[in-house]
Structures are given as C-alpha cells and as structure tokens.
Amino acid sequence: MLDLLITHASLPDGRCDMSVAVQGGCIVEVAPGLHAPAHETVHAQGQLLSPPFCDPHFHMDATLSYGLPRVNHSGTLLEGIALWGELKPMLTEEALVERALTYCDWAVAKGLLAIRSHVDTSDPSLLPVRAMLEVKNRVAPYLDLQLVAFPQDGVLRTPGGLDNLQRALDLGVDVVGGIPHFERTMGEGAASVKLLCELAAERGLPVDMHCDESDDPLSRHIETLALETQRLGLQGRVNGSHLTSMHSMDNYYVSKLIPLIAESGVSAVANPLINITLQGRHDTYPKRRGMTRVPELMAAGVTVAFGHDCVMDPWYSLGSGDMLEVAHMGLHVAQMTSQAGMRQCFDAVTVNAARVMGLDGYGIDVGRDASFVLLQARDPVEAIRLRATRLKVWRKGLLLAQTAPCAAQLSLPGRTGSTAFMPAKAAGG
C-alpha cells in the first residue's frame, strides 16, 4: 500500500491529470490515471503540483530585525550596512535564533523548503554564525538550510576578516562568500575574489559571492569571478549574486562578459525585490531599474535564479517569505511577460534555484524526494499572477502545512456567490 497518492494534478511542465505515488518518502511513480490503495489519497482537482520553492540568496541573521535600533530612512544599501553595524553589538544568540525560527515557520507555510543564507562573519565573536548553525540543526527535519560565510564588511578591509571567515568554515558553514565591491579599491576587490576562490578550491567548497551590487558600470568583479572559476576548475560550484552593475554596463562590454560567465559555468542570482529597491537611489530621472540582465543571461545558457534576499531587516521593510512574490517582481522588472518568460520566472524560484544550491533529490520524478507544494492555480503563470495559496506542503511525503483555499464570498444580484479570481477555461473563441 502506498503512503500517499496524489491524483488529477497539473505539473509545471504542462502535463495535466497526472498522478504521483509516494512510498517511504520518495516518488515511486508519476503517470496519468493511477489507481492504487494508499493510506492517503489527495484529489488535486487539476491544480498545480510543484516541487518546493527554493531561495538561493537570503540573510537570515538579519531577518525580522526591522526597526532595530532604528529605521533605514534613506532606503540605501550603504545606510543598511551602517545600520546593521549599529545593531550588531546589541545582538544576542537567543534573539537571532528566535527570529530565524519564526521566519522558517513563514517559509514552510509558503512552500519554501530550501534556503541559502549568507551569514556575517565580520565580527570575531562569530555570534551570528553560531546562532545560524543552531537554527540549521533545529530546522533540519523540515527545511534545508545552507549557510554562506559572508564577510559583510569586506574580507580584506576588516582586521582579521580572513581568519574569521576560515573559523566560520571550520565550525561547519557550507559555502565561501565574499563582497569584492565593498573592499577599499577595485584592486583589493579583485584580490579578494582570487583569495576566496583559492580557499574554496582548497577546501572543496562552493562559492557564492555578492558581486557588483552597485550602479557603477565599472564594477566588474563578476569578470574576475568567472576567470578564477575557470583557472581553478570550479565550474558548476560558483554563483555570482546580485550582478546589478550589469544593468548599467554598455552593450559591447556585456557582449563579451556574458559568454565568459556561460563558459565558466557560473550561475547568477538576481534579487528582484531588493535590487529594484536599493539600486538607482542616486539617480534623478530617468531612474535605472538596477536588476541584472536576466533574460540575456538565460538566453546564453546561464542558470539564473531569483532570491528574496531580505525580509523586514535594515535593507527592506517588507516581505513574507513568498517566492511567488519574488517571481512576480522579477518578471515585471525584466519585462519577461511572454508565456515562456513567465514560466522561466517560475523556474527561477524552483528548479533553477535548486540547481544553484546543488540540491539532490529535487523535482517531481521517480526516485526523487516526495517534496512538493499543491498550489491553488492551474499552471505556473496563474500561480505567479495570484501568488497562489499553498493548499498543502509536503516534505519527503510528510504533510508540513496546509491552508484553506482562497475564495471571496459575494452578494451580487444575478452573479455567482463566490470568486477565486480564476477565469473560466475557454471552450472556444
């Protein structure tokens, strides 16, 4: 007898009326019209069954700290960094853990079951690192949490910055991070990329670097990151996050840069909500959007994912852990409003994000983990449009969360009594 059988589901690749059979936490069959005894059978009613959402770029040590010790009045990246510096002396491990666990509750409820979080290593105490390692251990039964050793104040400009980062890795942090554009000079930034990539190669670890989070078109550390990836044989293990300076670069330079990124096997993570908020702050009009060149990178074969980056912290006052909100902003900012483009934006918070994170067992296929989300939508485009309700969330066959379907009750003469904001499927012209 099966543990779980889901029937009459639509899948993100367009297949309809599909059944998914689950045994022992794994998918054992995916086919139309399955009939088999199961401890639980769920009739999906044609709604979308997706693999879980993944966030490949987040800052969990800062999350839910909005207003502590004050609000970022200018809304700029630099004031956010300064504000985080003011907050750090006030942090306690207990508060960091509790805020992060609360956010993980939100994430699971939204079907977000894998998060890569950058963790500040600039302070010699490594308090945020120890707190997030505790969180990682506590959420392991229901959420995959990867941690990136992130030298927020610059690995070279911070006294003891490299030693702090190495100690974080020794404690069990998973990924080598960096922030070259925040070093004192362009040369120091390039030197930090080389140093950190060599450290990752030596330790056999992935790299995920904040890169060129700037409106300055001459901030070109992604070029160095791609070259070091090739030199050290790190292909498939390196990600460049933000890359916002590419939005301001001239097309000729980008025509050389994007092929280099693709050849190096470097992936990219854009953070639409935050990039559109923090970048272009020095512009009057016209104002730059700030997000990197998502469709052009995708067209070149680069794996591009979307991250949430921040939720209620010194840099961003909003957010709820909803990766469909991230995809929604991403498709607008990148003007990816074709059917294919919108589906690519759905991929950017599911399969592409999982690829960036190197997740094993991800996806709806035989032999993969039985981890998925049943959405109140019929396809990925509708899911983004509605920021669809997560009806049920499973991890390895176990139900973690469920939400009642969204429907507004109406009292309108001559009309139906409710609406779920879905147009009827057209039967003809």
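Scroll up to find the structure this text is about.
> Describe the packing of helix α2 (residues 93-109) against helix α3 (residues 127-139), naming the residues involved and giving the relevant values.
Any two packed helices are characterised by the angle at which their axes cross and by the distance between the axes. At a minimum axis distance of 9 Å, the contact between α2 and α3 shows a crossing angle of 40°. Viewed along their axes, α2 and α3 adopt a mutual orientation that is oblique. The way α2 lies across α3 gives a crossing that is right-handed. Residues E93, L96, V97, A100, L101 and C104 of α2 form the contact with α3, whose participating residues are L127, P128, R130, A131, M132, E134, V135, R138 and V139.

> If you had to explain the sheet that holds strand β1 (residues 2-9) to someone new, which residues and values would you point to?
Spatial strand order, β3-β2-β1-β4: 4 strands in an open sheet with mixed pairing. The outermost strands of the open sheet, each flanked by one partner alone, are β3 (26-32) and β4 (38-43). On average, each strand axis in the sheet is inclined to that of its neighbour by 15°, with strand direction left out of account. The sheet contact formed by β1 and β4 spans 5 bridges and is parallel.

> Tell me what's going on with the pattern of salt bridges, and back it up with residues and numbers.
In this structure the tally under the stated criterion is 18 salt bridges. Between E134 and R138 there is a salt bridge, and its shortest N-O distance comes to 3.9 Å. One end of the pair is E134 and the other is R138, both in helix α3 and 4 residues apart, which spans about a single turn. Residue classification places E134 among the partly exposed residues on the basis of a relative accessible area of 31%. Residue E198 pairs with R231 through a salt bridge whose shortest N-O separation is 2.8 Å.

> An account of the sheet that holds strand β14 (residues 372-375) is needed here, citing residue identities and associated values.
Ordered in space as β5-β14-β15-β16, the 4 strands form an open sheet in which the pairing is antiparallel. Looking along the sheet, the strands with just one partner apiece sit at the ends: β5 (48-50) and β16 (398-402). On average, each strand axis in the sheet is inclined to that of its neighbour by 20°, with strand direction left out of account. By the bridge criterion, 3 bridges tie β5 to β14 in an arrangement that is antiparallel. Bridged to L49 within β14 is L374.

> Summarise the packing of helix α4 (residues 161-171) against helix α5 (residues 186-203); cite the residues concerned and give the values.
Contact geometry for α4 and α5: axes closest at 12 Å, N-to-C directions at 25°. Classed by the angle they form, the pair α4 and α5 counts as roughly parallel. The handedness of the crossing between α4 and α5 comes out as right-handed. Note on element contacts: α5 touches α4 through L195, L196, L199 and R203, opposite L162, L165, Q166, L169 and D170. Across the contact of α4 with α5, the residue classes break down as 6 nonpolar, 1 polar and 2 charged.

Parameters and conventions
Residues numbered from 1 in each chain as written. Predicted model: local features only at pLDDT ≥ 70, side-chain atom pairs only at ≥ 80, totals over all residues. Heavy atoms only, no water. Axes fitted to C-alpha atoms, helices over the stretch in contact; angles between N-to-C directions. Helix = DSSP H or I, 4+ residues; strand = E, 2+ residues; numbered from the N terminus. Parallel < 35°, antiparallel > 145°, perpendicular 65-115°, else oblique. Left-handed = near helix turned anticlockwise from the far one by under 90°. Contact = heavy atoms within 4.5 Å. Pairing = 2+ DSSP bridges. Salt bridge = Lys/Arg side-chain N within 4 Å of Asp/Glu carboxyl O. Buried < 20%, exposed > 50% of the residue type's maximum accessible area, 1.4 Å probe, protein only. Nonpolar A, V, L, I, M, F, W, Y, C, P; charged D, E, K, R; others polar.

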